[in-house]
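One-letter residues, chain by chain:
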Amino acid sequence: QVQLVESGGGLVQPGESLRLSCAASGSIISVVKMGWYRQAPGKERELVAAATSSGDTIYADSVKGRFTISRDNFKKTVYLQMENLKPEDLAVYYCHADIVTPYGLGSPEEYWGQGTQVTVSL
């Protein structure tokens, strides 16, 4: 019904950059919120950044000034531009969205992407 397709993960050295993309498709009435979570080895999943359809954004303190989230509402796509990557950014990054569908009685439901690996290493 709803699918989140991610791309852009990979292996980089410290100080380099990556750009993650996530596109939502399926039976969608509206995408209320889209964002990114990450889960490092042995750690709990945490919010990295999120954006509403009206343009409001939030960031984890650890990525402020380095990461930028943006949305293309027409394409139903969210991006995460990651600059000056650090070893502590190594994690599986998951796209997340709150989406209103014809089957949800008007309330948003949560959807997750499959996750994409970001490795920061020499």
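Bear in mind the structure is a predicted one, so any value in this text is a computation, not a measurement.

Participant: Any chance you could explain the nonpolar core here in plain terms?
Facilitator: Soluble globular proteins: nonpolar side chains tend toward being buried together. Counting 30 residues, the largest nonpolar core has Trp 36, Leu 80, Met 82, Tyr 93 and Ile 99 as its most contacted members. Only strand 1 (2-7), strand 3 (18-26), strand 4 (30-39), strand 5 (46-52), strand 7 (67-72), strand 8 (77-82), strand 9 (91-100) and strand 11 (116-120) provide two or more residues apiece to this core. Looking at this core, the element that brings in the most residues is strand 9, giving five residues. When near neighbours in sequence (up to four residues on either side) are disregarded, Ile 99 contacts Val 2, Leu 4, Ala 24, Ile 28, Ser 30, Val 31, Ser 107, Pro 108, Glu 109 and Tyr 111.

Participant: Just to check I follow, could you spell out the sheet that holds strand 3 for this structure?
Facilitator: Adjacent strands of a sheet pair through backbone hydrogen bonds, lying either parallel or antiparallel. Ordered in space as 1-3-8-7, the four strands form an open sheet in which the pairing is antiparallel. On the outer flanks of this sheet lie strand 1 and strand 7, each paired with one strand and no other. Pairs of neighbouring strands in the sheet enclose a mean axial angle of 15°, with direction left out of account. Taken together, the six bridges between strand 7 and strand 8 define a ladder with antiparallel strand orientation. Its bridge partner lying in strand 8, Thr 68 is registered against Gln 81.

Participant: Which parts of the structure should I look at to understand the pattern of salt bridges?
Facilitator: Oppositely charged side chains are able to pair whenever their charged atoms sit close together. Under the counting rule described, the total for this entry stands at four salt bridges. Close ionic contact of Arg 38 with Glu 46 constitutes a salt bridge, the shortest N to O distance being 2.9 Å. Since its relative accessible area comes to 35%, Glu 46 is described here as partly exposed. In this structure, Arg 38 engages Asp 89 in a salt bridge whose closest nitrogen and oxygen atoms are separated by 2.9 Å. Within this pair, whereas Arg 38 is found in strand 4, its partner Asp 89 is found in the loop between strand 8 and strand 9, the two being separated by 51 residues in sequence. One connected set of salt bridges, linked through shared partners, spans Arg 38, Glu 46, Arg 66 and Asp 89.

Cut-offs and rules
- Residues numbered from 1 in each chain as written.
- Predicted model: local features only at pLDDT ≥ 70, side-chain atom pairs only at ≥ 80, totals over all residues.
- Heavy atoms only, no water.
- Core = buried A, V, L, I, M, F, W, Y, C linked by side-chain atoms within 4.5 Å.
- Buried < 20%, exposed > 50% of the residue type's maximum accessible area, 1.4 Å probe, protein only.
- Helix = DSSP H or I, 4+ residues; strand = E, 2+ residues; numbered from the N terminus.
- Contact = heavy atoms within 4.5 Å.
- Pairing = 2+ DSSP bridges.
- Axes fitted to C-alpha atoms, helices over the stretch in contact; angles between N-to-C directions.
- Salt bridge = Lys/Arg side-chain N within 4 Å of Asp/Glu carboxyl O.

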